[in-house]
Amino acid sequence: MSNGVYSIAVEPLTAAAFAPFGDVIEASNAARHFSINGGNTERYHDLANIEVDAGARPIISIFRGQPRALPLTLTMLERHPHGSQAFMPLQGRPYLVAVAPAGEHVALSDIRVFLARGDQGVNYSAGTWHHPLLALDGVSDFLVVDRAGEGPNCDEMDLPLPVLITL
Ligand SMILES: NC(=O)N[C@@H](O)C(=O)O
Ligand code: NI
């Protein structure tokens, strides 16, 4: 930490590194893939664990994110306690993913920031703290799978210090 700012360096997104926070959605990460449609298509099967609470349903949306200005400083995180939330980039552009483990308290040292390739999606497990969409370079569309149901499903937390992301 220096002059009242906490700095975090980005790290490459891998399934292993992201495991405490959810799933990485990429073909090369598939536990199972198999040929379908008479050999025309390869199915990369069951890439993420979609969670919704009882009585809710999973929905698909498109988020059109404006690129974040750099250098980037984070001041808050959010979580969705009642369901997972998945983001899959639709234009092949890299983006940032800032996360912290689920729980009632988050230390700045718990926060991880990943640089995701444009062929990688992420699925935040229910309750995983994360920053809202961090698109880079240009207006970016993402296919989003998350929960529609009763009651609020977005808790926000202000960070104790601004978190400067160093690319
Ligand atoms: N608010 C909303 O739907 N978006 C956030 O949850 C996000 O993670 O971008
Ligand atoms: Ni979210």
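Residues numbered from 1 in each chain as written. Chains lettered and ligands numbered in written order. Predicted model: local features only at pLDDT ≥ 70, side-chain atom pairs only at ≥ 80, totals over all residues. Heavy atoms only, no water.

Per an unreviewed UniProt entry, the chain goes by the name Ureidoglycolate lyase and belongs to Amantichitinum ursilacus. Recorded in UniProt under Cofactor (unreviewed entry), the annotation for the chain is "Ni(2+)". According to the UniProt record, the Subunit (unreviewed entry) comment for the chain reads "Homodimer." (UniProt positions renumbered as here; feature names shortened; annotations may be inferred.)

Asker: Honestly, the coordination of the nickel ion (ligand 2) in this entry has me stumped. Any pointers?
Answerer: Geometry sets the ideal angles at a metal, namely 109.5 degrees for four tetrahedral donors and 90 or 180 degrees for six octahedral donors. Coordination of the nickel ion (ligand 2) by the protein is provided by E78 (OE), H80 (NE2), Q85 (OE1) and H130 (NE2), with metal-donor distances spanning 2.1 to 2.2 Å. Because the angles between the six donor atoms bound to the nickel ion (ligand 2) fall within 74 to 175 degrees, the donor set is best described as octahedral. Counting residues between consecutive donors of the nickel ion (ligand 2) along the chain gives the motif E-x1-H-x4-Q-x44-H. Residue E78 is located in strand β7 (residues 72-79), and its partner H130 is located in strand β12 (residues 129-130); the two are separated by 52 residues in the primary sequence. The burial state of E78 is the same as that of H130; both residues are buried. (Donors = N, O, S within 2.8 Å, 3.2 Å for Na, K, Ca; no water. Tetrahedral: all angles 85-135°; square planar, octahedral: opposite > 155°, others 65-115°. Helix = DSSP H or I, 4+ residues; strand = E, 2+ residues; numbered from the N terminus. Buried < 20%, exposed > 50% of the residue type's maximum accessible area, 1.4 Å probe, protein only.)

Asker: I would appreciate a short explanation of the packing of aromatic side chains in the present structure.
Answerer: Any two aromatic rings considered together are summarised by their centre-to-centre distance and by the angle between their planes. Evaluation of the coordinates by the stated rule reveals eight aromatic pairs. With a centroid separation of 5.7 Å and an interplanar angle of 75 degrees, the aromatic rings of F18 and F114 are classed as edge-to-face. Here F18, found in helix α1 (residues 15-18), pairs with F114, found in strand β10 (residues 112-116); they are 96 residues apart in sequence, far enough to count as distant. Judged by its relative accessible area of 0%, F18 falls in the buried class. Take F114: its relative accessible area is 0%, and that puts it in the buried class. Among the aromatic residues, those joined into a ring-pair cluster are F18, F21, F63, F87, Y95, F114, Y124 and F142. (Phe/Tyr/Trp six-rings, centres within 6.5 Å; stacked < 30°, edge-to-face > 60°.)

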